[in-house]
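# Analysis of the macromolecular model
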Amino acid sequence: MEDSVITFLEKTLQRIPSSSLKSILSEWGFLSAEQLQDLHFQQSKHILHNKVLAFCEENGVRIRHVIQLDMIYNHEYPNKRNWSVYQFSGQQDDALVLNVTEFSQKFKVNLKDLLRHVSIGMKQFEDDAVWIRVAWGDNFTKPNQFKPTYVVYQLQTPYVFISNLNVKHRPLLSQALVIATKHDEIKEIQLRGRCLKSLKDLVLRRYKQSFQTHQLKPLQERNSPERDQGIVHEHAKRLADLKEVATQTFGDGPLPKLETAVFKLETKFKDPENRILTNRPEPFRCAVKFSSPSFLESLKSLVTLGIASAPVSPLLSSIPQKARNHFVISERGPGVPSTPAP
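For every chain, the first residue of its written sequence is number 1, and the numbers climb from 1 along that sequence. Reporting in this predicted model follows two pLDDT cut-offs: at least 70 for local features of residues, and 80 or more for side-chain atom pairs to be given and counted; totals over whole chains, interfaces and linings ignore these cut-offs and use all residues. Excluded from the side-chain calculations are hydrogens and water; all other atoms, namely the structure's heavy atoms, are used.

To continue, consider the overall build of the chain. Each helix corresponds to a stretch of at least 4 residues labelled H or I by DSSP, and each strand to a stretch of at least 2 residues labelled E; elements are numbered beginning at the N terminus. What the chain contains, in helices and strands, is 13 helices and 10 strands. Summary of the burial criterion: residues with accessible area below 20% of their type's maximum are buried, those above 50% are exposed, and those between are partly exposed, where the area comes from a 1.4 Å probe applied to protein chains only. Residues counted as buried form 43% of the 342 residues belonging to the chain. We call two residues in contact whenever any of their non-hydrogen atoms come within 4.5 Å of each other. Considering only contacts within the chain whose residues lie at least 6 apart along the sequence, 69% involve residues at least 24 apart. In the form shown here, the chain has an accessible surface area of approximately 19200 Å², with 51% of it arising from carbon and sulfur atoms. Here the Shrake-Rupley method, with its probe set to 1.4 Å, supplies the accessible areas, and only the displayed protein chains count as covering residues.

Quick look at the confidence of the model for the chain now. For every residue, the pLDDT score states the predictor's confidence, bounded by 0 at the bottom and 100 at the top. With 88% of its residues at a pLDDT of 70 or more, the chain shows a mean pLDDT of 86. In this model, residues 211-217 is a region of pLDDT below 50 whose contacts with residues beyond four sequence positions or in other chains number eight contacts.

For salt bridges, the criterion is a side-chain nitrogen of Lys or Arg within 4 Å of an Asp or Glu carboxyl oxygen. Applying the stated criterion across every chain yields a total of nine salt bridges. Across the pair Glu102 and Lys182 runs a salt bridge whose closest N-O atoms are separated by 2.9 Å. Of this pair, Glu102 sits in helix α6 (residues 100-114) while Lys182 sits in the loop between α7 (170-181) and β6 (185-193), placing them 80 residues apart in sequence. Using a relative accessible area of 22% as the deciding quantity, one classes Glu102 as partly exposed. One salt bridge in this structure joins Asp201 and Lys197, with 2.9 Å as the shortest N-O distance. Taken together, the residues span about one helical turn, with Asp201 and Lys197 both in helix α8 (residues 196-204) at a distance of four residues. The buried category is assigned to Asp201, whose relative accessible area is 8%.

By secondary structure assignment, the location of Glu297 is in helix α11 (residues 295-304). Expressed as a C-alpha distance, the spacing of Glu297 and Leu258, which sit 39 residues apart in the sequence, is 8.9 Å. The residues contacting Glu297, other than those within four sequence positions of it, are Gly253, Pro254 and Leu255.

Before going further, it helps to examine the nonpolar core. For the purposes of this section, nonpolar cores are sets of buried Ala, Val, Leu, Ile, Met, Phe, Trp, Tyr and Cys residues that join through side-chain atoms within 4.5 Å. One finds Leu13, Leu25, Leu31, Leu39, Trp131, Phe161 and Leu191 to be the most contacted residues of the largest nonpolar core, which totals 60 residues. If one sorts the elements of this core by residue count, helix α5 (residues 63-76) sits on top with six residues. Listed in part, the 27 residues of the second largest apolar core include Leu98, Phe103, Met122 and Val134.

Turning next to the pairing of strand β3 (residues 129-136). A large share of β3 lies buried, amounting to eight of its eight residues. Neither face of β3 is open: one carries Ala129, Trp131, Arg133 and Ala135, the other Val130, Ile132, Val134 and Trp136, and all of them are buried. A pair of strands is treated as paired once DSSP finds two or more bridges between them. Between strand β2 (residues 118-124) and β3, which pair antiparallel one after the other, the connecting turn spans four residues, and Asp128 there sits at a positive phi close to 60°.

The antiparallel open sheet is built from six strands, whose spatial order is β2-β3-β4-β5-β1-β6. With one partner strand each, in any of the chains shown, β2 and β6 form the two edges of the open sheet. Each neighbouring strand pair of the sheet contributes to a mean axis angle of 25°, computed without reference to strand direction. Across seven bridges, β2 lies against β3 in antiparallel orientation. The residue bridging Met122 from the neighbouring strand is Ile132, located in β3. Running over the sheet, α6 touches β2, β3 and β4 (149-154) and is turned about 170° from β2. In this analysis, axes come from line fits to C-alpha atoms, helices being fitted only over the stretch in contact, and the angle between any two N-to-C directions falls in the range 0 to 180 degrees.

Aromatic rings from Phe, Tyr and Trp, taking only the six-membered ring of Trp, are treated as a pair when their centres fall within 6.5 Å; an angle between ring planes under 30 degrees marks them as stacked, one over 60 as edge-to-face, and anything in between as tilted. One pass over the full model with this rule turns up 12 aromatic pairs. Summarising the aromatic geometry, the rings of Tyr73 and Tyr77 are spaced 5.5 Å apart at their centres and angled 35° between planes, so their arrangement reads as tilted. Whether a charge lies above a ring is judged from NZ of Lys or CZ of Arg, which has to be within 6 Å of the ring centre and within 35 degrees of the ring normal. Between Lys123 and the ring centre of Phe125, over which it is positioned, the NZ or CZ distance is 5.5 Å.

So, in structure tokens, the structure goes:
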């Protein structure tokens, strides 16, 4: 077994949590049933990994086998990565009859025509998505297996989710994906996050959405006989109203998980008392970033508790409907920045 294969396998095993090692090795299928039974998963990770390495060397492990193990791990733990969402456009007439085999062949052939040294792994899981692992090299160096790009193509949809793609390889991956999926163009839609499932739920509208039947109005103090019954009742009434506003804005179900929302301001500075900045030809630029383990749920809770003003600004409340969390606010209004294809 080559040293590079040993190192790759060691690093892959180190990332797998002890609680999932048995199930992931079983799904991998490279070790025999007898070898799996001979592993004592209560042992220390160091001893256990050495035994797995010995079994793999005995079975003649190759780089392609370790790639499969790495793909199983990343499918099991997709939230360990940062994902960006891209959308295809210009669907060709026969794109709807695309099958996985045809897609795989076209993608591999095209990418290998563009780059001499590239390693491609593909696997279809039960969630109707094709997972692609691309390790990049160039015309002189072998592929770097430690910094791969991951691509998740959701079948029968115009969406693809990409992780760890640098600018150098964007045109290559873009061309291979466009040709393989039978589309004309692909572009980023400014939706990013760690929770792959939530990103899918947003673009595919697979969460319980809110449907406002009327224009929300700011909550106002009410002069009613109920105010004389005590401040406790008044407070409860206020919280009930806030909860209603939050439900009308965000719905009553769990929200997709986004960790950030970014707003970039690019407008003319307008202040008659500050002519230095007002007379500048360049737009005034600044950025505001909201961060939370679950930003949308946090925002909903702030409204429910009365900490955030109600109704919520459309810049924030429209995030689930627009399936975006990166915006540019210009003289023309909120929008998304134009970015090159991946």
